[in-house]
Amino acid sequence: MTVKRFEELKIWQQAKELANLVYDFTNNPSFSKDRILTDQARRASVSIMANIAEGFERGSNKEFIQFLFIAKGSCGELRSHLIFANERKYINQEDFVTAIDMAAGISNMLFKFITYLQKSNIKSKRSQTSLTNSTK
């Protein structure tokens, strides 16, 4: 599959789904009372999808890879926030496991995508060259 827009990337779609899940969790009264953690978790979750999109739009693989690493870092940050929220009993165990598994899966997908791009012979601007969606 040739990808022309970041919205087509499975990895971005999953990151968006995770961000929506985090917003749902943080709307619960038990979580939302901790405004600082709520803000940090939301920012980290949105950062994942935003950095995938921004990197894609930058054009070069070198910049795209840099932004994918930032997105991967945000996955780690979000997992840390979720672990703390779970320990504070802000989210139930089932929701915690779902979110942690999603974040870990996205982090793994990011690693594989970064590795693919680093090995790829596609070096020109994305606007001139198609990318293969290898994140499936």
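Residues numbered from 1 in each chain as written. Predicted model: local features only at pLDDT ≥ 70, side-chain atom pairs only at ≥ 80, totals over all residues. Heavy atoms only, no water.

Asker: Explain the overall build of the protein chain here, please?
Answerer: Across its full length, the protein chain holds 5 helices and 2 strands. Listing the helices and strands of the protein chain from first to last along the sequence gives β-α-α-α-α-α-β. Residues counted as buried form 45% of the 136 residues belonging to the protein chain. Taking as baseline every contact in the protein chain between residues at least 6 positions apart, the subset at least 24 positions apart corresponds to 69%. Accessible area of the protein chain: about 7,500 Å², with a carbon and sulfur share of 50%. (Helix = DSSP H or I, 4+ residues; strand = E, 2+ residues; numbered from the N terminus. Buried < 20%, exposed > 50% of the residue type's maximum accessible area, 1.4 Å probe, protein only. Contact = heavy atoms within 4.5 Å. Areas by Shrake-Rupley, 256 points an atom, 1.4 Å probe, with all protein chains shown as cover.)

Asker: For this particular structure, what's the right way to read the pattern of salt bridges?
Answerer: Two side chains carrying opposite charge are able to pair once their charged atoms lie near each other. Under the defined criterion, the tally for this structure stands at 4 salt bridges. Where Glu-54 meets Arg-58, a salt bridge forms, and the shortest distance between an N and an O atom there is 2.7 Å. On the criterion of helical spacing, the pair formed by Glu-54 and Arg-58 is a turn pair, its members being 4 residues apart in helix H3 (residues 35-58). The class of Glu-54 is partly exposed, set by a relative accessible area of 35%. A single salt-bridge network, built from bridges that share partners, covers Glu-54, Arg-58 and Glu-63. (Salt bridge = Lys/Arg side-chain N within 4 Å of Asp/Glu carboxyl O.)

Asker: Could you clarify how one ought to interpret the side chain of Asn-51 in this entry?
Answerer: Looking at the secondary structure, you find Asn-51 in helix H3. With residues up to four places along the chain from it excluded, the contact list for Asn-51 reads Phe-67, Ile-70 and Ala-71.

Asker: What exactly am I supposed to notice about the packing of helix H4 (residues 61-87) against helix H5 (residues 93-119) here?
Answerer: When two helices pack together, their arrangement is given by the angle between their axes and by how far apart the axes lie. The interhelical angle for the contact between H4 and H5, taken along N-to-C directions, is 165°, at an axis separation of 9 Å. Comparing their axes, H5 and H4 come out roughly antiparallel. Here the hand of the crossing between H4 and H5 comes out left-handed. (Axes fitted to C-alpha atoms, helices over the stretch in contact; angles between N-to-C directions. Parallel < 35°, antiparallel > 145°, perpendicular 65-115°, else oblique. Left-handed = near helix turned anticlockwise from the far one by under 90°.)

Asker: So what exactly am I meant to see when it comes to the nonpolar core here?
Answerer: Side chains that are nonpolar tend, in soluble globular proteins, to be buried together. Membership of the largest hydrophobic core comes to 40 residues, with the highest contact counts inside it found for Leu-9, Ile-48 and Ile-52. Mapped onto this core, the elements with two or more residues apiece are helix H1 (10-27), H3, H4 and H5. Here this core takes 10 residues from H5, the largest share from any one element. Those residues in contact with Ile-48 that sit more than four places away from it in its chain are Ala-15, Leu-18, Ala-71, Ser-74, Cys-75, Leu-78 and Ile-106. (Core = buried A, V, L, I, M, F, W, Y, C linked by side-chain atoms within 4.5 Å.)

Asker: I would appreciate a short explanation of H5 in the present structure.
Answerer: Side chains of residues three or four places apart in an α-helix project in the same direction, reflecting 3.6 residues per turn. Taking 1.5 Å of rise per residue, 27 residues should cover 39 Å, and H5 covers 39 Å from first to last C-alpha, within 8% of that figure. Listing the buried residues of H5 in full gives Phe-96, Ala-99, Ile-100, Ala-103, Ile-106, Ser-107, Met-109, Leu-110, Phe-113, Ile-114 and Leu-117. (Expected span 1.5 Å × (residues − 1).)

Asker: What am I meant to see in the environment of Ser-30 here?
Answerer: Along the chain, the position of Ser-30 falls in helix H2 (residues 29-32). Within polar-contact distance, the side chain of Ser-30 engages the backbone oxygen of Tyr-90 at 3.1 Å. (Polar contact = N/O pair within 3.5 Å; in protein donor to acceptor, adjacent residues only side chain to side chain.)

Asker: How should I be thinking about the confidence of the model for the protein chain in this particular structure?
Answerer: Reading predicted coordinates in detail is not appropriate for stretches of low pLDDT. Here the protein chain shows a mean pLDDT of 90. Residues at 70 or above account for 88%. This stretch, residues 132-136, has a pLDDT under 50; its non-local contacts, to residues over four places away or in other chains, come to 15 contacts. (pLDDT = per-residue confidence, 0-100.)

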